[in-house]
Amino acid sequence: MRAKSPYAKTMGFGLERDSEGRPVLTMEWDVSKSGRPGFVHGGALAGMLEAITWLTLEDALPEGDKPRIKPINVTISYMRGAREKTTYARATIERLGRRIANVEAIAWQDDPAAPVAVAQMNLMLARD
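Residues numbered from 1 in each chain as written. Predicted model: local features only at pLDDT ≥ 70, side-chain atom pairs only at ≥ 80, totals over all residues. Heavy atoms only, no water.

Draft legend 1. Spatial organisation of the overall build of the chain. Regarding its fold elements, the chain presents two helices and six strands. For the chain, the succession of helices and strands along the chain, N to C, is α-β-β-α-β-β-β-β. Here the chain has a C-alpha radius of gyration of 14 Å; the compact-globule value for 128 residues is 14 Å, and the two agree. Within the chain, buried positions represent 41% of all 128 residues. A fraction of 59% describes how many contacts in the chain between residues 6 or more apart in sequence connect residues 24 or more apart. Accessible area for the chain stands at about 7200 Å²; split by element, carbon and sulfur atoms hold 50% of it. (Helix = DSSP H or I, 4+ residues; strand = E, 2+ residues; numbered from the N terminus. Rg over C-alpha atoms; globule rule 2.2 N^0.38 Å. Buried < 20%, exposed > 50% of the residue type's maximum accessible area, 1.4 Å probe, protein only. Contact = heavy atoms within 4.5 Å. Areas by Shrake-Rupley, 256 points an atom, 1.4 Å probe, with all protein chains shown as cover.)

Here you go:
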């Protein structure tokens, strides 16, 4: 299964589900995602965290309730360098209100308990 957005297609993100049924993005390493020698570019990690946030939020909304999602605040913390191998990301919705959502996303390589990057996102849900 592949993620649907044009950005996700360009980046080659894969889409899986974890044991709880939540979406998990995968990003295979290739030279187009390289930053400093031996590591994944921070922008590729940030884009992956943003994409999994959107996917998780859209997945949690009821069918027929698809508001425009607009970022209010995004904070990304890089915990350690991501090496040249497959990277995974998943998100957890901390709060889902009528107009605001707060989501935390993590990216990891070998162990989800040792993330390479973490994002905190506050999003506006713009309904017509």
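And the narrative resumes.
Draft legend 2. Region of interest: the nonpolar core. Phe13, Leu25, Met27, Leu49 and Leu123 are the most contacted members of the largest nonpolar core, which has 29 residues in total. Mapped by element, the contributors of at least two residues to this core are helix 1 (6–11), strand 2 (23–27), helix 2 (42–60), strand 4 (87–96), strand 5 (100–108) and strand 6 (117–126). No other element matches the eight residues that helix 2 contributes to this core. With residues up to four places along the chain from it excluded, the contact list for Met27 reads Met11, Phe13, Lys33, Val40, Ala44, Leu45, Met48, Lys85, Thr86 and Thr87. (Core = buried A, V, L, I, M, F, W, Y, C linked by side-chain atoms within 4.5 Å.)

Draft legend 3. Spatial organisation of the environment of Ile100. Residue placement: Ile100 occurs in strand 5. A residue is classified by how much of its surface remains accessible, and Ile100, at 30% relative accessible area, is partly exposed. Residues Ile100 and Arg36, 64 residues apart in the sequence, show an inter-C-alpha distance of 36 Å. Not counting residues within four places of it along the chain, the set of residues in contact with Ile100 comprises Ile72, Arg95, Leu123, Met124 and Leu125.

Draft legend 4. Looking closely at the confidence of the model for the chain. Per-residue confidence for the chain gives a mean pLDDT of 92, with 98% of residues at or over 70. Mean pLDDT across the elements of the chain ranges from a minimum in helix 1, with 86, to a maximum in strand 5, with 98. (pLDDT = per-residue confidence, 0-100.)

Draft legend 5. The sheet that holds strand 4, seen in detail. Strand order in the open sheet made by the six strands is 1-2-4-5-6-3, with antiparallel pairing throughout. Two strands close off the open sheet at either side, each with one partner strand: strand 1 (14–17) and strand 3 (68–78). The sheet shows a mean angle of 25° between the axes of neighbouring strands, taken without regard to direction. As defined by bridge partners, strand 3 adjoins strand 6 across ten bridges and the pair is classed as antiparallel. Following the sheet pairing, Ser77 is matched in strand 6 by Val118. On top of the sheet, helix 2 reaches strand 1, strand 2, strand 3, strand 4, strand 5 and strand 6; it is set at about 45° to strand 4, its chief contact. (Pairing = 2+ DSSP bridges. Axes fitted to C-alpha atoms, helices over the stretch in contact; angles between N-to-C directions.)

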